[in-house]
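Residue-level listing of the chains:
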Amino acid sequence: MQKIYCHLDMRALKFLERFTSTQVHALNPVETSTGKTHGGVSRAKLNSQLLKSFGSNSKLKSFNSSVSVTEALLLPYGLPNTDLIEPSIEPHLKPIDFVEILADLYRRLESCESQSDRSLLFVEQYSLLRSLGDPKLLRRCLRAARQNAVDVNTKVVLSAWLRFERREDELSGMSAMDCGGQVLECPKIALEYGFDPNLISTHCQCDEDQTKAINVPSFNENECVSLEQEESDVTFCIGNEEINCVRCKIAMLSSPLKAMLYGSFKESRKGRIDFSENGISVKGMRAVEVYSRTRRLDLFSPDVVAELLCFANRFCCEEMKSACDAYLASMVDNIDDALVLIEYGLEEMAYLLVAACLQVLLREFPNSLYNPKVMKFLCSSKTRERLAMAGHGSFLLYYFLSHVAMEESMVSTTTVMLLERLEECATQRWQKTLALHQLGCVLLERREFKDAQYRFLAAVEAGHVYSVAGVARTKYKQGQQYSAYTLMSSIISEYKPAGWMYQERSLYNIGKEKISDLSTATELDPILSFPYKYRAIAKVEEKQISGAIIEIDKTIRFKLSPDCIELRAWFFLALADYESALRDICVLLTLEPNYMMFHGKTRGDYLVELVSHRVKQMTEADCWMHLYDQWSSVDDIGSLAIIHQMLRNDPGKSLLLFRQSLLLLRLNCQKAAMRSLRLARNNSSSDHERLVYEGWILYDTGNREQALSKAEKSVHTRRSFEAFFLKAYVLADTSLDPESSSHVIQLLEEALKCPSDGLRKGQALNNLGSIYVDCGKLEEAANSYLSALDIKHTRAHQGLARVYHLKNQRKAAYEEMTKLIEKAQNNASAYEKRSEYCDPEMAKKDLDMATNLDPLRTYPYRYRAAVLMDEQKESEAVEELTKAIAFKPDLQMLHLRAAFHESSGDLNSALQDCQAALCMDPNHTDTLDLYNRARD
């Protein structure tokens, strides 16, 4: 067999330096406390005790002699205990055969001809991919669902959902009804029925006339509306008032009115008709008369238009009803009005008005969750039924509402009620499964074990095997440990083993068998954090705290989760290593500013204040020098901690908040990074600075063209490093032709001429070197990388190694990467890259080390599989990829496995892998080519 697989393209690993794109969320985030300890002691009293005891002068150096420090700091809460930790049941769909389910979904998308059905399929795709935790992938699903939406209800919900995912509510000066130029989030376009295939490329209508956006007629101010233009021939009497009308104009409003005025009814022969008993006021009837001749509504107040709507419903005036519905919908812009008008809309079946009111409520999320009136309305089962009759009480609506509620609190009554409404709305199998499983997770967190078990069992009966873990957990909580153990054992024997199965069974096991289950869980799924946490705490119980830190480091170095960072901080406190403890607590608060430590018993920021008394205080200059050192040693966690400390002294400094966001993105913490970026934008001191941060926000949420526009505006406002850097970065994020590359080079050179610090200039020089390499200008690239290294930008070693490699100087390239490995704290990528520049045996060692340091990196699996394939060990090659795909379904790995299957003649398996890959990225060219070949 020709050796083609080993020559994998490492260019995919090159990146323009700013951040790493893949996000990994913390597996089991800790819920915040209600403010009381388990013993009922108030937190304030407990913290006061803590401060007094910690303020003592005793400071002991080792665990064995740390009685006083433990007593002062840890004793009120106790050391970490293995009996007090357990993994959360993930509130997501987790199919046993994830690839098969994705492939089936892609086939359904391929064959689906209905746009509205396609939209719901993309929502189903979103629910499946949530367990992967990739925000870009999830955003793509929501955008595709919105783009294919046809009915107003779906558009309103998905537009609000997209806005929520970007957390526009956290941007100061932004109204809930602003779309920020996002056409898919435009509230006016969302109220228009129908599918627009060109929606993505069209200009947002927000700057145009509001009435035009929802088809409300517009009229010339000078147009006469007085009845003097025509002589009336019928009079409607309401009490003592008379309203003169034109009979034919009134008759044209509806068939019933025409029959009354021209048919066999007695009113057809009368010139005066008594309308006192028809539920309309004098003012309302005058409005009917004017509307009958002019079709205008803009002359009337909202309450009069509402009366016209009621009249239109009573006399079947469809045109008038539609006009009133649209006009009232255009006037809803705040929650109070929305709550009043939505009731009116439901009563009068004015469904566009209902949609507009719902839109206002939804676009205020998550703030709406804390409005009792809004929650009373939305959580009601009766409301759901009324909304369903109006075409708005959909599964999609309550999926969004419950999604937001769960993010805010897993234990609130509001979350339970919204999930119950979700269960009522579910019609398809996946919908019922999702609703039941999520409700089970929430009830489990609320310690309502019997109800949780009932929901988990129902989810299992619907085909969701992962819910068995919930059934086992609820049994265990009710004292049925053996039953839980046997249940998980049966699942392990019946299905292909997965890491979560052994992790769950370990909770019900004891002794060596427990440790064995945890080891198997890590082997099958190395990204599960609970096994690392358990083993680390077990070492603490054996008084091996240094060993505990080594164990928990194994997961922290590839997945920065709050619970693991908290544990490590706790361990450092037990060792009286206050500097390391302070670093970790600062990082923890960067990830979650309101984090409660020690099983939710004390605030993290309070502990920072406490521990700070035990470390040397640094000036601002010291902090900057320390930051340069940490940045140079590629210690992103250390850098993050220093920036947090600097922000304690200057909390509104946008420059620091921006640097914080860059580090968080590099550490794959996108949610926290975007929060920091929004804060940087809110605290910006100038327009050009604000434009830059808005540009990065747009870029990070997939809006490249708008990000470029922000960068250009910032450059025109003021020539700054960050404006040029942003523009260059956005332009470089494409396949560059020679002309575009020259433009990017020019922009980076302009950036370097502007004032900035060495940290940022090092990044610009590194990116400049990368562009030079792509253009074949190796000498210029080398000079750029060397200049970056001169200002201690250590990552430039990788670029310089690439230059040496392209010059056929493999030894120099290897040595350059070795320098990076020696200097960098986070060096998994360096081992991976160095493997390119050495012999196969050394390459294997480097890639094994990369996998050991970071099992989420996919290139080592692909390389090892390619080597096996070249050695004609086809089954072993497929298995190497399969074991990685089991815990990290990745586009590149699926594509490569599909190629292996095609090479082996297993076209059905090749097709399935291609379909699963295309479900993640339908535009991946290489996979599309392979898919078409396999089908032919």
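Values in this document were obtained by computation on a predicted structure and should not be read as measured data. (Residues numbered from 1 in each chain as written. Predicted model: local features only at pLDDT ≥ 70, side-chain atom pairs only at ≥ 80, totals over all residues. Heavy atoms only, no water.)

1. A word on the overall build of the protein chain
A count of helical and extended segments in the protein chain gives 50 helices and 4 strands. Relative to its full complement of 936 residues, the protein chain shows a buried share of 57%. Look at the contacts in the protein chain between residues 6 or more apart in sequence, and 62% of them connect residues 24 or more apart. Counting only carbon and sulfur atoms, one obtains 48% of the accessible surface of the protein chain, whose full area is about 39,800 Å². (Helix = DSSP H or I, 4+ residues; strand = E, 2+ residues; numbered from the N terminus. Buried < 20%, exposed > 50% of the residue type's maximum accessible area, 1.4 Å probe, protein only. Contact = heavy atoms within 4.5 Å. Areas by Shrake-Rupley, 256 points an atom, 1.4 Å probe, with all protein chains shown as cover.)

2. Description of the pairing of strand β1 (residues 234–238)
Of all 5 residues that make up β1, 5 are buried, and the element is covered over most of its length. Neither face of β1 is open: one carries Val 234, Phe 236 and Ile 238, the other Thr 235 and Cys 237, and all of them are buried. Note that β1 and strand β2 (residues 241–245) share 5 bridges and pair antiparallel. Directly across from Val 234, in β2, lies its bridge partner Cys 245. Relative to strand β3 (residues 272–274), β1 runs parallel, the two being bridged by 3 bridges. Within β3, the position partnered with Thr 235 by the bridge is Arg 272. (Pairing = 2+ DSSP bridges.)

3. Describing the pattern of salt bridges
A side chain with one charge can pair with a side chain of the opposite charge if their charged atoms come near. By the definition in use, this model includes 58 salt bridges. Taking the shortest distance from any N to any O, the salt bridge between Glu 343 and Arg 386 comes out at 2.8 Å. Here Glu 343 is found in helix α14 (residues 335–347), whereas its partner Arg 386 is found in helix α17 (residues 381–389), with 43 residues between them in sequence. A residue is classified by how much of its surface remains accessible, and Glu 343, at 33% relative accessible area, is partly exposed. Of the charged contacts, one joins Glu 424 and Arg 384 as a salt bridge, the two residues approaching to 2.8 Å between their closest N and O atoms. Within this pair, whereas Glu 424 is found in helix α19 (residues 413–425), its partner Arg 384 is found in helix α17, the two being separated by 40 residues in sequence. Relative accessible area serves as the criterion here: at 13%, Arg 384 is assigned to the buried category. (Salt bridge = Lys/Arg side-chain N within 4 Å of Asp/Glu carboxyl O.)

4. Some points on the side chain of Glu 307
For Glu 307, the location among the structural elements is in helix α12 (residues 302–314). For the buried Glu 307, no salt bridge is present, and the opposite-charge side chain at shortest range is Lys 283, 7.6 Å distant. Of the polar contacts made by the side chain of Glu 307, one reaches the backbone nitrogen of Ser 281; its length is 2.5 Å. Apart from the residues within four sequence positions on either side, Glu 307 is in contact with Gly 279, Ile 280, Ser 281, Gly 284 and Tyr 344. (Lys, Arg positive; Asp, Glu negative; His and termini not counted. Polar contact = N/O pair within 3.5 Å; in protein donor to acceptor, adjacent residues only side chain to side chain.)

5. Observations regarding helix α10 (residues 255–262)
For α10, the full list of buried residues reads Leu 257, Met 260 and Leu 261. All buried residues of α10 fall inside an arc of 90° around its axis, so they share one side. When the buried face of α10 is taken as reference, the exposed residues oriented beyond 90 degrees from it are Ser 255 and Lys 258. As for α10, its buried residues are in contact with β1, α9 (247–251), β3 and α12. (Arc of directions from axis to C-beta.)

6. Regarding the packing of helix α40 (residues 758–774) against helix α41 (residues 778–790)
Interhelical geometry of α40 versus α41 gives an angle of 165° and a closest axis separation of 8 Å. Taken together, the axes of α40 and α41 lie roughly antiparallel to each other. The two elements α40 and α41 cross, and the hand of that crossing is left-handed. Seen from α40, the contacting residues are Gly 762, Leu 765, Asn 766, Leu 768, Gly 769, Ser 770, Tyr 772 and Val 773; seen from α41, they are Leu 778, Glu 780, Ala 781, Ser 784, Tyr 785, Ser 787 and Ala 788. Among the residues forming the contact of α40 with α41, the class breakdown is 8 nonpolar, 6 polar and 1 charged. (Axes fitted to C-alpha atoms, helices over the stretch in contact; angles between N-to-C directions. Parallel < 35°, antiparallel > 145°, perpendicular 65-115°, else oblique. Left-handed = near helix turned anticlockwise from the far one by under 90°. Nonpolar A, V, L, I, M, F, W, Y, C, P; charged D, E, K, R; others polar.)

7. Remarks on the confidence of the model for the protein chain
For residues with low pLDDT, the predicted coordinates do not support detailed interpretation. When the pLDDT values of the protein chain are averaged, the result is 87; 88% of them are 70 or greater. Here residues 19–67 scores under 50 on pLDDT; set against residues more than four positions off or in separate chains, the count is 104 contacts. Segment residues 208–224: pLDDT under 50, and 20 contacts once partners within four positions in sequence are set aside and those in other chains are kept. (pLDDT = per-residue confidence, 0-100.)

8. A few points about the nonpolar core
Ranked by internal contacts, the top residues of the largest apolar core, which has 288 residues, are Phe 236, Phe 275, Phe 311, Met 320, Phe 400 and Phe 571. Ignoring sequence-local partners within four residues, the contact set of Phe 275 consists of Phe 236, Cys 237, Ile 238, Met 260, Ile 280, Met 285, Phe 311 and Phe 315. (Core = buried A, V, L, I, M, F, W, Y, C linked by side-chain atoms within 4.5 Å.)

9. Looking at the sheet that holds β3
Two pairing modes exist for strands in a sheet, parallel and antiparallel, and in both the strands are linked by backbone hydrogen bonds. On the basis of which strands lie adjacent, the open sheet formed by 3 strands has the order β2-β1-β3 and mixed pairing. For this open sheet the edge positions go to β2 and β3, each flanked by a neighbour on one side alone. Averaged over all pairs of adjacent strands, the angle between strand axes in this sheet comes to 25°, irrespective of strand direction. Contacting β1 and β2, helix α11 (residues 282–294) crosses the sheet at an angle of about 5° to β2.

10. Some points on unusual backbone geometry
The peptide bond linking Phe 365 to Pro 366 adopts the cis configuration, its omega dihedral lying at 10°. With respect to the element layout, Pro 366 can be found in the loop between α15 (351–363) and α16 (372–378). Although it is not a glycine, Cys 316 sits at a positive phi angle of roughly 60°. If you check the backbone angles, Gln 872 has positive phi at about 65° while not being a glycine. Of note, Gln 872 is situated in the loop between α46 (859–870) and α47 (874–885).

11. Examining the environment of Trp 430
Secondary-structure assignment places Trp 430 in helix α20 (residues 429–445). Between the alpha carbons of Trp 430 and His 464 there is a distance of 8.8 Å; along the sequence they are 34 residues apart. Aside from chain neighbours lying at most four places away, what touches Trp 430 is Leu 93, Leu 120, Val 123, Glu 124, Ser 127 and Phe 395. Side chain to side chain, Trp 430 and Glu 124 meet in a polar contact 3.5 Å long. One polar contact links Trp 430 to Gln 428, side chain to side chain, over a distance of 3.0 Å.

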